[in-house]
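Structural features, examined
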Amino acid sequence: MTSTAPKTYRVKSFGCQMNVYDGDRMSELLTQQGLSAAPEGEDADLVVLNTCHIREKAAEKVYSDIGRLRRDDGTVPLIAVAGCVAQAEGEEIMARAPSVKMVVGPQAYHRLPDMLERAKAGQRVTDTDMPAQTKFDALPKTRRANTSTFLTVQEGCDKFCTYCVVPYTRGAEISRPFKDLAEEARRLVEAGAREITLLGQNVNAWTGDNDKGQQVGLEGLIRDLAAIPDLARIRYTTSHPNDMTQALIDAHGEVDKLMPYLHLPVQSGSDRILRAMNRSHTVESYLEILKRVRAARPDIALSGDFIVGFPGETEEDFADTLRLIDQVSYSAAFSFKYSPRPGTPAATMDEQIAAEVMDDRLKRLQALVIEKQTAFNQASVGKVTQVLIEKRGRLEGQWLGKSPWLQSVHFEGDVAVGDLVTVELLQAGPNSLAGRLVF
Ligand code: 5AD
Ligand code: SF4
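Some thoughts on the site of ligand 1
Near ligand 1 the following residues occur: Ile54, Arg55, Tyr163, Gln267, Asp305, Ile307, Phe336, Lys337, Tyr338, Ser339 and Arg341. Arg55 is positioned with one of its side-chain polar atoms (N or O) 2.7 Å from an oxygen atom of ligand 1. Note that an oxygen atom of ligand 1 is positioned 2.6 Å from one of the side-chain N or O atoms of Gln267. When isolated, ligand 1 has an accessible area of 400 Å², and the protein chains bury 87% of it.

Some details on the packing of aromatic side chains
For the coordinates displayed, the defined rule picks out five aromatic pairs. Seen in terms of ring centroids, Phe178 and Trp206 are 6.5 Å apart; in terms of plane orientation they differ by 40°. Their pairing is tilted. In this pair, Phe178 is assigned in helix H7 (residues 178-190) and Trp206 in the loop between strand S10 (195-199) and strand S11 (207-209), connecting sequence segments 28 residues apart. The residues Phe178 and Trp206 share a single accessibility class, namely buried. Here Phe310 and Tyr338 contribute two aromatic rings whose centre-to-centre distance is 5.5 Å and whose plane-to-plane angle is 70°, an arrangement assigned as edge-to-face. Taken together, the positions of Phe310 in the loop between strand S15 (301-308) and helix H12 (315-328) and Tyr338 in the loop between strand S16 (332-337) and helix H13 (355-380) put the pair 28 residues apart, joining distant regions of the chain. Residue Phe310 is classed as buried on the basis of its relative accessible area, which comes to 0%. Among the aromatic residues, those joined into a cluster by ring pairs are Tyr163, Phe310 and Tyr338. Here the basic side chain of Arg96 rests over the ring of Tyr63, its NZ or CZ set 3.7 Å away from the ring centre.

Considerations on the site of ligand 2
In the region of ligand 2, the neighbouring residues are Cys157, Lys159, Phe160, Cys161, Tyr163, Cys164, Val166, Pro167, Asn202, His240 and Arg279. Tallied by class, residues from the shell around ligand 2 come to seven nonpolar, two polar and two charged.

A short note on the sheet that holds S10
Pairing within the open sheet is parallel, and its three strands lie in the order S7-S10-S13. Strands with a single pairing partner mark the edges of an open sheet, and in this sheet they are strand S7 (148-152) and strand S13 (233-237). When strand polarity is set aside, the average angle formed by the axes of neighbouring strands in this sheet is 25°. Alignment of S10 against S13, held across five bridges, turns out to be parallel.

What about a nonpolar patch on the surface?
Where nonpolar side chains cluster on the molecular surface, the patch consists of Val384, Val438 and Phe439 and spans about 310 Å² of accessible area. For Phe439, the position within the fold is in the segment after strand S21 (432-437).

Notes on the state of the cysteines
Taken as a whole and assessed by the stated rule, the structure comprises zero disulfides. For the unlinked cysteine Cys52, the closest cysteine sulfur is that of Cys16, found at 6.3 Å.

What about the environment of Tyr168?
By the element assignment, Tyr168 lies in helix H6 (residues 166-169). Spatially, the C-alpha atom of Tyr168 lies 32 Å from that of Asp224, the residues being 56 residues apart in sequence. Not counting residues up to four positions away in its chain, the partners in contact with Tyr168 are Gln87, Met130, Phe160, Gly343, Thr344 and Pro345.

Focus: the pairing of strand S17 (residues 384-392)
A regular strand places its side chains so that they alternate between the two faces of the sheet. Inspection of the sheet shows S17 paired to strand S20 (residues 420-428) by five bridges, in the antiparallel sense. Note on S20: the bridge partner recorded for Thr385 is Val423. Pairing of S17 with strand S18 (residues 398-402), which is carried by four bridges, proceeds in the antiparallel orientation. Bridging across to S18, Arg392 finds its partner in Trp399. Adjacent in sequence and paired antiparallel, S17 and S18 are bridged by five residues, among which Gly397 carries a positive phi angle near 80°.

Topic: the pattern of salt bridges
All chains considered together, the criterion is met by 34 salt bridges. Residue Lys212 is joined to Asp211 by a salt bridge in which the shortest nitrogen-to-oxygen separation is 4.0 Å. You can call Lys212 exposed: its relative accessible area is 64%. Using a relative accessible area of 60% as the deciding quantity, one classes Asp211 as exposed. With a shortest N-O distance of 2.5 Å, Asp320 and Arg323 are connected by a salt bridge. Residue Asp320 and its partner Arg323 are located together in helix H12, separated by three residues, close to a single helical turn. Salt bridges linked by common partners bring Arg25, Glu28, Arg143, Arg176 and Glu184 together as one network.

Thoughts on the domain arrangement of the chain
Each assigned domain of the chain is listed with its residue range as follows: domain 1 (8-134), domain 2 (141-259), domain 3 (265-380) and domain 4 (384-437). Measuring from the centre of the C-alpha atoms in domain 1 to the corresponding centre in domain 2 gives 26 Å. The interface of domain 1 with domain 2 comprises 22 residues on the first partner and 24 residues on the second. Where domain 1 touches domain 2, the interface holds three salt bridges. Arg25 serves as the salt-bridge partner of Glu184, at 3.5 Å between the closest nitrogen and oxygen. Summed over the shared surface of domain 1 and domain 2, the result is nine residue pairs in polar contact (both at pLDDT 80 or more). Considering every element that reaches the side of domain 1 that touches domain 2, the biggest residue donor is helix H1 (residues 17-32), with eleven residues. For the side of domain 1 that touches domain 2, the per-class residue count stands at ten nonpolar, eight polar and four charged.

Reading the values: the criteria
- Residues numbered from 1 in each chain as written.
- Chains lettered and ligands numbered in written order.
- Predicted model: local features only at pLDDT ≥ 70, side-chain atom pairs only at ≥ 80, totals over all residues.
- Heavy atoms only, no water.
- Near = heavy atom within 4 Å.
- Polar contact = N/O pair within 3.5 Å; in protein donor to acceptor, adjacent residues only side chain to side chain.
- Areas by Shrake-Rupley, 256 points an atom, 1.4 Å probe, with all protein chains shown as cover.
- Phe/Tyr/Trp six-rings, centres within 6.5 Å; stacked < 30°, edge-to-face > 60°.
- Helix = DSSP H or I, 4+ residues; strand = E, 2+ residues; numbered from the N terminus.
- Buried < 20%, exposed > 50% of the residue type's maximum accessible area, 1.4 Å probe, protein only.
- Lys NZ or Arg CZ within 6 Å of the ring centre and 35° of its normal.
- Nonpolar A, V, L, I, M, F, W, Y, C, P; charged D, E, K, R; others polar.
- Pairing = 2+ DSSP bridges.
- Axes fitted to C-alpha atoms, helices over the stretch in contact; angles between N-to-C directions.
- Patch = residues over 30% accessible without salt bridge, like charges linked within 9 Å, V, L, I, M, F, W, Y side chains within 5 Å.
- Salt bridge = Lys/Arg side-chain N within 4 Å of Asp/Glu carboxyl O.
- Disulfide = S-S within 2.5 Å.
- Contact = heavy atoms within 4.5 Å.
- Domains from an automatic or database assignment.

Structure, rendered in structure tokens:
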């Protein structure tokens, strides 16, 4: 039987970085309720599965994760399903999985403590309301932070790309107020953050009124945060090409703490497919943005997302995508097989692509990406650069950190997590570099 008064919890987050942020906030809420995090390797009394719905059999994965929570003696913890699968398929989960006692959507998890009280009293509770700003107002003010920490500044999406569930699971675009973000960032830095990554499904659509009452875009927030003395680095993700303003591009050339890295998904190199995806930009307009970004910050590392096998994608469309990757020379890229999401327009389009064709295209695309990634890393060999140390490496005396271009760098030395150190880059592979501590 489920224990009625859980003492320990574990939050398991899947999917995007925003889920990681949400998972941290749920942990803070549960700690505030008097629960403590279950030690590694030990069962927890309460398990929160913070799910992702963006691709591939998301719901099936949740059911198998729920099944795996059954302990050897047949008991189960108190189970809560949170995140985007909860939002999209909450009722079905409640009907199909009796061991789930709470279902909570991404905009309602601030009400978890109240739900927990009701679950302890034996009720099964669902909350998939979408009051996005209310959530942030209700969350604890004190923050925990790693050296590199996320800060959600914008949530939701109004773009309605035809393949994507985000507008349905996360709701409409909202920007959190400037003042709240300035305060939360300062608290994160007080708690030890040296790098903050500003998060949003369309982070560069963020807008707000600064402390002088002027309406500013993301660049205004970045310039304000850059004034925090102990904050060393600022990043942001994920951006949409249509919201890449010149003011934000200029900030890349002017704000030293803004790292030379831009994740700007394009999804496809074919205008025909971009139109069918409702991306509202073309390959040419995308390349023109990159040109301006590179003019502002010549050493910028560029990354992107790609979908292969969107309905109707021909071999020529796919060849256009490969050509684009070759031309841009990304430092990294994330690529996915198209996955029909229930309720999205693309799921019912004609000409769905066969699984073997998608597999083959994904393999070819990833081979090219690895080639580009390796070349980018090799071009860094010989540079002396700053590395922010995030954790210990696998080997004794080894440390792992990130270069300004978001490359993983490992090296040895008498240093500590959170140090910003100077490292000479000596050797490069596709996914990381080896370096030597200079000072
Ligand atoms: N199928 C495959 N990939 C998808 N993405 C979003 N929706 C889908 C889908 N239905 C990818 C896009 C997006 C990234 C976060 O996930 O590339 O940029
Ligand atoms: Fe999804 Fe498109 Fe919005 Fe990105 S811009 S979250 S892909 S709908």
